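# Analysis of the macromolecular model
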Amino acid sequence: AGAFLWEILKKTNLLTPSQIKFVILIFLIAPVNHARIALVMFGYTTSYFFFFLAWMLLLRFRSNAMFAVSIFCFFWSFMTHSFLFFFLFPTLHFIF
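Just so you know, these numbers come straight off a predicted model, no measurement behind them. (Residues numbered from 1 in each chain as written. Predicted model: local features only at pLDDT ≥ 70, side-chain atom pairs only at ≥ 80, totals over all residues. Heavy atoms only, no water.)

## So, a nonpolar patch on the surface
The criterion, for reference: Any residue with relative accessible area above 30% and no salt bridge may belong to a patch, with like charges joined within 9 Å and the nonpolar Val, Leu, Ile, Met, Phe, Trp and Tyr side chains within 5 Å. Accessible surface is estimated by sampling points in the Shrake-Rupley manner with a 1.4 Å probe; for residues, cover comes only from the protein chains shown. What makes a salt bridge here is a side-chain nitrogen of Lys or Arg within 4 Å of a carboxyl oxygen of Asp or Glu, nothing more. Note on conventions: DSSP H or I runs of at least 4 residues are helices, E runs of at least 2 residues are strands, and numbering of each starts at the N terminus.
Where nonpolar side chains cluster on the molecular surface, the patch consists of Phe67, Phe85, Phe86, Leu88, Phe89, Leu92, Phe94, Ile95 and Phe96 and spans about 940 Å² of accessible area. Only helix H5 (82-86) and helix H6 (88-95) provide two or more residues apiece to the nonpolar patch. If one sorts the elements of the nonpolar patch by residue count, H6 sits on top with five residues. Inspection of the secondary structure assignment puts Phe94 in helix H6.

Here you go:
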């Protein structure tokens, strides 16, 4: 998810490259105790992965095939219902 967030933040032009690196570092270090409950959290982490993958694909590749793959990944990520709300962010990012 960190690599996908890196690609997303590079496209925004809101942060400098050093600020992006710092945000990614915090983003990757924050879930320190995540490994202990990996099996229980597998559904959530899979949804998390597919959400950021879909967002990155939506921004990086502008073909119809990648759009379809991106939509599939978004739907897969909706196994975690809270991502339904956060779908607003990639949609607005794609529109603007």
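## Examining the packing of helix H1 (residues 2-12) against helix H3 (residues 42-60)
Keep this limit in mind: Where helices are involved, their axes are fitted lines through C-alpha atoms of the stretch in contact, as for all axes, and angles between N-to-C directions lie from 0 to 180°. Note on convention: the crossing is left-handed when the near helix lies turned anticlockwise from the far helix by less than a right angle, right-handed when the turn is clockwise. Note on contacts: a residue pair is in contact if any heavy atoms of the two residues lie within 4.5 Å.
Relative orientation of the contacting elements H1 and H3 amounts to 35 degrees, with a least axis distance of 9 Å. Regarding H1 and H3, the two cross each other, and that crossing is left-handed. Counted together, Phe4, Leu5, Glu7, Ile8 and Lys11 of H1 and Phe49, Phe52, Leu53, Trp55, Met56, Leu59 and Arg60 of H3 form the full contact between these two elements.

## Some remarks on the nonpolar core
As a reminder of what qualifies: By convention a nonpolar core is built from buried Ala, Val, Leu, Ile, Met, Phe, Trp, Tyr and Cys residues, the set being connected through side-chain atoms within 4.5 Å. Relative accessibility thresholds used throughout: buried, under 20% of the residue-type maximum; exposed, over 50%; partly exposed, between the two (1.4 Å probe, protein chains only).
Judged by nonpolar contacts, the single largest core of 20 residues is most densely connected at Phe51, Phe52, Leu53, Trp55 and Phe74. Within the residue set of this core, elements represented by two or more residues are H1, helix H2 (17-29), H3 and helix H4 (64-77). At ten residues, H3 tops the list of elements feeding residues into this core. Dropping the residues within four chain positions of it, Leu53 is found in contact with Phe4 and Cys73.

## Brief notes about the side chain of Thr80
Quick note on the threshold: Any pair of nitrogen or oxygen atoms within 3.5 Å is treated as a polar contact; in protein, a donor-acceptor pairing is required on top of that, and neighbouring residues in sequence qualify only through side-chain atoms on both sides.
Looking at the secondary structure, you find Thr80 in the loop between H4 and H5. Owing to a relative accessible area of 11%, Thr80 belongs among the buried residues under this scheme. A polar side-chain atom of Thr80 sits 3.1 Å from a polar atom in the side chain of Ser47. Look past the residues within four positions of Thr80 in its chain and what remains in contact with it is Gly43, Tyr44 and Ser47.

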